[in-house]
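Below are the chains, spelled out letter by letter.
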Amino acid sequence: MKVLVVGGGGREHALIRKIKESKKVSEIACCPGNGGISYDAKCYPVSATDTDGVVNLAKEIKADFVVVAPDDPLVAGMVDALNEAGFAAFGPKANAAVIEGSKVFSKNLMLKYNIPTAEYKVFDNAEDAIAYVRDKNEFPTVIKADGLALGKGVIIPETFEEAEAGIKEIMQDKIFGESGNNIVVEEFLTGPEVSVLAFTDGNCIKPMVSSMDHKRALDGDKGLNTGGMGTVSPNPYYTEDIAAECMEKIFIPTINAMNAEGRTFKGCLYFGLMLTPKGPKVIEYNCRFGDPETQVVLPRLKTDIMDIFEAINNETLSELNIEWSDDAAACVVIASGGYPKSYPKGLEITGLENGQRDGVIVYHAGTAMDGNSLVTSGGRVLGVTALGTDLLEALNKSYSAVEKIDFENKHFRKDIGQKALNAVKDL
Ligand code: AMP
Ligand code: GLY
């Protein structure tokens, strides 16, 4: 098979490395890809959000299967367009991707079908939202732009003044554009967070191994929110009992709810969960693989990923046994100094040979080729994943490689996995 992967970050690199292991695959293409991905796939300069461009590329290279990884093309209907053009594709259609594309949709879905989530109210104008927050007078509170906002559409104000300013920025200044036409104001929940990605063909749902993201830029969960600075898998808080409870109260009800709404979800459904004192609740749904969760989950997958993608496409997922390794995995992200604000690009990266290093898997997120050398080209530059018999071993391997990979002003968190290690001791 010739497989085309749409996207160009660390998550797409992790998908490509796994697809490369498939006995069914002879060739992998990627658009747009990046410098490091070009060692593993032929990269084409077509933007991941250019639906017509991707359909034309699939025709030109005669792709047998297309994997659409990022949220925006899924929400915009790229899988619909590929299917209409006769291509088999992995990912939900637009009418199901709305589960990530609109927080108002997903919150209303959970309320209607009794799926545990934070209490909330929806607003379509700033005055009413501000009046509500003032009257309620409970802080911190949580304010979410309805639509996609590059993962930055959630603010957690500690005071009324902060909340008022945030609401105005989203709804009046439109810092996230049309995504801020509506907002959700919701109850602030507490508890450990767990990411669970799940394969589903709409009939059957098979959760992957659990993981934990580290979203803040600095150690100790300080600093600004980022796309994710590192991940570990498994997540020690996600015990077998909690997994069973989530299956019964969240995962199955969600796919049933989507079917009942005539929006069957096929692909990877991401559950961002919080394990609150009142039980697990959904913080967010994503309609795709998480980034950088994929970088610790897929290395543990033993089953041929193309068998899974085809089973989802043919709606025969229930017949497939999916196997995982017992290893622990850790991914430490190396970012450009300054990220998530502004940062320089084009800095030479040293310590890699053909984009990789022995003992770890280096997933490239923001790299480009400059002649024969690899240079930085994004905020998150690399994700360095290692496997180990336990989390400590995986973390040690990953960090020892991270120390030896270099570019000017590189930034990484020194405490990835620390919370998980402490939890293992406490539980
Ligand atoms: P999201 O973009 O929806 O993943 O939200 C970003 C982060 O905000 C989450 O990972 C949580 O840490 C936090 N968050 C979102 N919703 C809530 C909530 N209702 N209560 C507490 N924290 C939240
Ligand atoms: N790591 C969080 C996300 O992919 O949205």
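One numbering rule holds for all chains: residues counted from 1, following each sequence as written. Chains and ligands are labelled sequentially in the order written, the chains with letters from A and the ligands with numbers from 1. Under the rules for a predicted model, residues below a pLDDT of 70 receive no local features and side-chain atom pairs below 80 are neither given nor counted, while totals for whole chains, interfaces and linings still include all residues. Hydrogens and water molecules were not included; the side-chain quantities draw on all heavy atoms of the structure.

### Re the site of ligand 2
Next up, step 1: Any residue with a heavy atom lying within 4 Å of a molecule or strand is counted as near it. Close to ligand 2 lie Asp213, Lys215, Gly227, Tyr270, Asn286, Arg288, Gly290, Asp291, Pro292 and Glu293, which account for all nearby residues.
Next up, step 2: Between Asn286 and ligand 2, the recorded distance is 3.2 Å, taken from a side-chain N or O atom to an oxygen atom.
Next up, step 3: A distance of 2.9 Å separates an oxygen atom of ligand 2 from a polar atom in the side chain of Arg288.
Next up, step 4: Summarising the interface, the protein chains cover 89% of the accessible area of ligand 2, which totals 200 Å² for the free molecule.
Next up, step 5: Amino acid classes used here: Ala, Val, Leu, Ile, Met, Phe, Trp, Tyr, Cys and Pro are nonpolar; Asp, Glu, Lys and Arg are charged; the rest, including Gly, are polar. Taken together, the residues of the shell around ligand 2 break down into two nonpolar, three polar and five charged. Under the rule applied, a polar contact is a pair of N or O atoms within 3.5 Å (in protein, one hydrogen donor and one hydrogen acceptor; residues adjacent in sequence only if both atoms are side-chain atoms). Surface exposure here means Shrake-Rupley accessible area, sampled with a 1.4 Å probe, where a residue is shielded only by the protein chains that are shown.

### Digging into the packing of helix H1 (residues 10-20) against helix H11 (residues 305-313)
Next up, step 1: Helix axes are fitted to C-alpha atoms over the stretch in contact, other axes to C-alpha atoms as well, and angles between N-to-C directions run from 0 to 180 degrees. Comment: elements are numbered from the N terminus, with helices defined as DSSP H or I runs of at least four residues and strands as E runs of at least two. Where H1 meets H11, the closest approach of the two axes is 8 Å, and the angle between their N-to-C directions is 105°. By the criterion of interaxial angle, the relationship of H1 to H11 is roughly perpendicular. Across from Leu15, Lys18 and Ile19 in H1, the residues of H11 making contact are Ile305, Met306 and Phe309. Note that the term roughly parallel is reserved for angles under 35 degrees, roughly antiparallel for angles over 145, roughly perpendicular for angles of 65 to 115, and oblique for everything else. Whether two residues are in contact is decided by their heavy atoms: any pair within 4.5 Å suffices.

### Let's talk about the side chain of Asp415
Next up, step 1: Structurally, the position occupied by Asp415 is in the loop between strand S23 (410-411) and helix H13 (418-426).
Next up, step 2: By relative accessible area, Asp415 is classed as buried at 16%.
Next up, step 3: A distance of 2.8 Å separates polar atoms of two side chains, one belonging to Asp415 and the other to Arg413.
Next up, step 4: Once residues lying within four places of it in the same chain are set aside, the contact partners of Asp415 are His214, Asp219, Gly220, Asp221 and Tyr399. Under the scheme applied here, a residue whose accessible area is under 20% of the maximum for its type counts as buried, over 50% as exposed, and between as partly exposed, the area being computed with a 1.4 Å probe on protein chains only.

### Regarding the site of ligand 1
Next up, step 1: In the neighbourhood of ligand 1, 15 residues make up the surrounding shell, with Glu186, Leu189, Glu193, Lys215 and Glu284 lying closest.
Next up, step 2: If ligand 1 stood free it would expose 480 Å²; the protein chains cover 91% of that surface.
Next up, step 3: Where the shell around ligand 1 is concerned, the elements lending two or more residues are strand S7 (142-145) and strand S17 (279-286).
Next up, step 4: Residue composition of the shell around ligand 1, grouped by class: eight nonpolar, no polar and seven charged.

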